[in-house]
Amino acid sequence: MESSRLLDSVKRIHFVGIGGSGMCPLAEILFHRGFVITGSDTNESDTLERVRSYGIPVHMGHRAENIGDAQLVVYTAAVKQDNPELIAAREKGVPTVERSVLLGMVTDRYRDSIAVSGTHGKTTTTGMITQLFLSAGRDPSAVIGGKLPFIGSNGRAGKSETMVCEACEYVDTFLHLHPAISVILNIDADHLDYFKNLENIIKSFRQFATQTSRLLIVNGDDANSRKAVEGLHHAPVVTFGFAEGSDYRAVDIADTKGARESFTIQKQGQPLCRVELSVPGRHNILNALAAAAAADQMGIPPEEIAKGLHAFTGVHRRFEVLGRFDGVTVADDFAHHPTELTATLTAAMHMGFREVWAVFQPHTFSRTYLLLDDFAKALSIPDHVVMTEILPVREENIYGIHTSDLAAKIPGSCWFNSFEEIASYVMEKAQPGDLILTLGGGDIYKCANLIVKRYEEKS
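Only a predicted model underlies this, so the values are computations on that prediction, with no experimental measurement involved.

**Student:** Hey, could you go over the overall build of the protein for me, with residue numbers and the actual values?
**Tutor:** In terms of regular secondary structure, the protein is built from 17 helices and 21 strands. Against the compact-globule benchmark of 23 Å for 459 residues, the protein has a radius of gyration of 22 Å, which places it among compact chains. Oriented by its inertia axes, the alpha-carbon framework of the protein measures out at about 60 × 55 × 45 Å. The buried share of the protein, reckoned over its 459 residues, is 57%. Once local pairs closer than 6 in sequence are excluded, the contacts in the protein between residues at least 24 apart make up 64%. Taken as a whole, the protein presents about 18,600 Å² of accessible surface, with 51% of it coming from carbon and sulfur. For the protein, the separation between the mean place of its 44 positive charges and that of its 56 negative charges on side chains is 4 Å.

**Student:** Just give me the short version of the nonpolar core, but keep the residues and values in it.
**Tutor:** If you look at the biggest cluster of nonpolar residues, it comprises 46 residues, and the most contacted ones within it are Leu-7, Ile-13, Phe-15 and Leu-102. Here the element with the most residues in this core is helix 2 (residues 23-32); it accounts for six residues. Of all hydrophobic cores here, the second largest spans 45 residues; its members include Ile-129, Ala-142, Ile-144 and Val-183.

**Student:** Can you tell me about helix 12 (residues 338-349), naming the residues and giving the values?
**Tutor:** An α-helical turn contains 3.6 residues, so a residue and the one three or four places further along point in the same direction. Here helix 12 is twelve residues long and its end C-alpha atoms lie 16 Å apart, about the 16 Å a rise of 1.5 Å per residue gives. Looking only at helix 12, the buried set comprises Pro-338, Glu-340, Leu-341, Thr-344, Leu-345, Ala-347 and Ala-348. Looking at the buried side of helix 12, the elements it contacts are helix 10 (282-297), strand 17 (328-333), strand 18 (356-360), helix 14 (372-378) and strand 21 (435-439).

**Student:** Can you lay out the environment of Glu-169 for me, pointing to particular residues and giving the numbers?
**Tutor:** With respect to the helices, strands and loops of the structure, Glu-169 is situated in the loop between strand 9 (162-166) and strand 10 (181-184). A relative accessible area of 2% means that Glu-169 is categorised as buried. In sequence terms Glu-169 and Gly-34 are 135 residues apart; their C-alpha atoms lie 30 Å from each other. At 3.4 Å, the side chain of Glu-169 and the side chain of Lys-122 are in polar contact.

**Student:** Can you tell me about the sheet that holds strand 4 (residues 72-75), naming the residues and giving the values?
**Tutor:** Strand order in the open sheet formed by five strands is 3-2-1-4-5, with parallel pairing between adjacent strands. Taken across any chain shown, the strands that pair with only one partner, and hence form the sheet edges, are strand 3 (58-60) and strand 5 (96-98). For this sheet the average axis-to-axis angle between neighbouring strands, irrespective of direction, equals 20°. Inspection of the sheet shows strand 1 (residues 12-16) paired to strand 2 (residues 36-41) by five bridges, in the parallel sense. Directly across from His-14, in strand 2, lies its bridge partner Thr-38. Set on the sheet, helix 5 (residues 99-107) makes contact with strand 1, strand 4 and strand 5; between it and strand 5 the angle comes to about 90°.

**Student:** Outline the pairing of strand 18, listing residues and values.
**Tutor:** It is a general feature of regular strands that their side chains alternate between the two faces of the sheet. Most of strand 18 sits out of view: five of its five residues are buried. Going residue by residue along strand 18, you find Val-356, Ala-358 and Phe-360 tucked away on one face and Trp-357 and Val-359 tucked away on the opposite face as well. As defined by bridge partners, strand 18 adjoins strand 21 across five bridges and the pair is classed as parallel. Of the residues in strand 21, the one forming a bridge with Ala-358 is Leu-437. Relative to strand 19 (residues 384-387), strand 18 is paired through four bridges, and the arrangement is parallel. Paired with Trp-357 across the two strands is His-384, which belongs to strand 19.

**Student:** For the pattern of salt bridges, give the residues involved together with the corresponding values.
**Tutor:** Scanning the entire structure with this criterion turns up 22 salt bridges. As a salt-bridge pair, Arg-317 and Asp-332 come within 2.6 Å of each other at their nearest N and O atoms. Remark: Asp-332 occurs in strand 17 and Arg-317 occurs in the loop between helix 11 (302-311) and strand 16 (320-325); sequence separation between them is 15 residues. As far as the burial class goes, Arg-317 and Asp-332 line up, both buried. Among the salt bridges present, the one from Lys-458 reaches Asp-326, with a minimum N-O distance of 3.4 Å. Taken as a pair, Lys-458 in helix 17 (residues 445-458) and Asp-326 in the loop between strand 16 and strand 17 lie far apart in primary sequence, 132 residues in all.

**Student:** So what's going on with the sheet that holds strand 20 (residues 414-415)? Which residues, and what values?
**Tutor:** The strand order across the open sheet formed by six strands is 16-17-21-18-19-20, and the pairing between neighbours is mixed. This sheet does not close on itself; its edge strands, each paired only once, are strand 16 and strand 20. Packing against the sheet, helix 12 makes contact with strand 17, strand 18 and strand 21, and its axis sits at approximately 170° to strand 21. Here helix 16 (residues 419-429) sits on the sheet and contacts strand 18, strand 19, strand 20 and strand 21; the angle it forms with strand 18, its principal contact strand, is near 175°.

**Student:** Which residues make up the packing of helix 6 (residues 122-135) against helix 10, and what are the values?
**Tutor:** Two elements in contact, helix 6 and helix 10, have axes whose closest approach is 9 Å; the angle formed by their N-to-C orientations is 40°. Regarding the angle of helix 6 to helix 10, the classification is oblique. Between helix 6 and helix 10 lies a crossing of right-handed hand. Residues Thr-124, Thr-125, Met-128, Ile-129, Leu-132 and Phe-133 of helix 6 form the contact with helix 10, whose participating residues are Asn-284, Asn-287, Ala-288, Ala-290, Ala-291, Ala-292, Ala-294 and Ala-295.

**Student:** I'd like a description of the environment of Ser-424, backed by residues and values.
**Tutor:** With respect to the helices, strands and loops of the structure, Ser-424 is situated in helix 16. Taking relative accessible area as the criterion, Ser-424 reaches 37% and is therefore assigned partly exposed.

What counts and how
- Residues numbered from 1 in each chain as written.
- Predicted model: local features only at pLDDT ≥ 70, side-chain atom pairs only at ≥ 80, totals over all residues.
- Heavy atoms only, no water.
- Helix = DSSP H or I, 4+ residues; strand = E, 2+ residues; numbered from the N terminus.
- Rg over C-alpha atoms; globule rule 2.2 N^0.38 Å.
- Buried < 20%, exposed > 50% of the residue type's maximum accessible area, 1.4 Å probe, protein only.
- Contact = heavy atoms within 4.5 Å.
- Areas by Shrake-Rupley, 256 points an atom, 1.4 Å probe, with all protein chains shown as cover.
- Lys, Arg positive; Asp, Glu negative; His and termini not counted.
- Charge placed at Lys NZ, Arg CZ, Asp CG, Glu CD.
- Core = buried A, V, L, I, M, F, W, Y, C linked by side-chain atoms within 4.5 Å.
- Expected span 1.5 Å × (residues − 1).
- Polar contact = N/O pair within 3.5 Å; in protein donor to acceptor, adjacent residues only side chain to side chain.
- Pairing = 2+ DSSP bridges.
- Axes fitted to C-alpha atoms, helices over the stretch in contact; angles between N-to-C directions.
- Salt bridge = Lys/Arg side-chain N within 4 Å of Asp/Glu carboxyl O.
- Parallel < 35°, antiparallel > 145°, perpendicular 65-115°, else oblique.
- Left-handed = near helix turned anticlockwise from the far one by under 90°.

That is the geometry; function is a separate question.
Structural data, given as structure tokens:
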């Protein structure tokens, strides 16, 4: 592969936006593999602190001279082509690659690369697998889409031949990967601004599957995932799910109230281990099955699988409990697609709270417009729904869609223009025993932080 050979011919690599959550782990991994790393960024952050702690020099601000004598320049998708460091690299004839391309190059250097794909659950499952391998003494490298409390960051540089990473389908970035083992958690209609329809999404996942060399771990309950690997014979397919016929099944699921799930994992009809999860929801049982299948296939003993899954308490912004104040629980979640909202809100409603207050920030005009009825259905699950205006992200509102269109389909819902108004409203209404849950892929976590701050000031 031409891209992998590029890393063989360079020693000094410069990262434009080195503090980015996807950049920092790659910089760490390459640094620990003997490369000379430099970087630049515009914002101070925890990730920058971590990068600097290794002695990697970081320039604040973007300037042509920052690239120094780098032989390769890496940039994130957010960096524009007129960035002075990219211009300087082009003028010097230094190759430049986007972050997802570098991720592909790095994973190619690991014998046992495990890539976790799917429309939902990638970060949680990547975190689960990383924690499982670590607690079993396997020392993996990892690139995770969120902060894993167990390691205090969203990635690590291990010394083994195992690497775990997230494989994101958006704009087909996962097609830069050629993993040994791939997990396909689910395939759903999302990112339709790029894919246009579900058929194209399935086609991309199929291409990703064909690029996997050793093993495919696939959700047997998900028709779209099964379709993506149908008729593929280049690598064995192992399935997981609730339904009979899956290689790894969850059976004897205990009906527990609260943020736990208890079940037995069966492997080909025989009990493998009993698992007590510390994260809620049926969707997390499926994530755990996928993680268990990957661990079992890599020779991790059943008792270590049970232990590692129980120790996993989630990742940042995935049903993250921020505190309890005056009997009110405040939590935050990344859910921004109807399927994710349905899973998270269904789990929340089964946890025994008096009432659930869902505070939702719609994310992108296209997604809100194209999936309007699905959003309305998902947001009808909790007791109360409060919304913000739609976060545009990278779009113009060519659809003429507004939060009021969504609110009109959800009886009793309301929306506000500012996080301050939302915080005042829900704090005035919430009673002891209630859950306030902020949801969305944008900056809605700031609203959760504001609510927490106000409760702390009050007490």
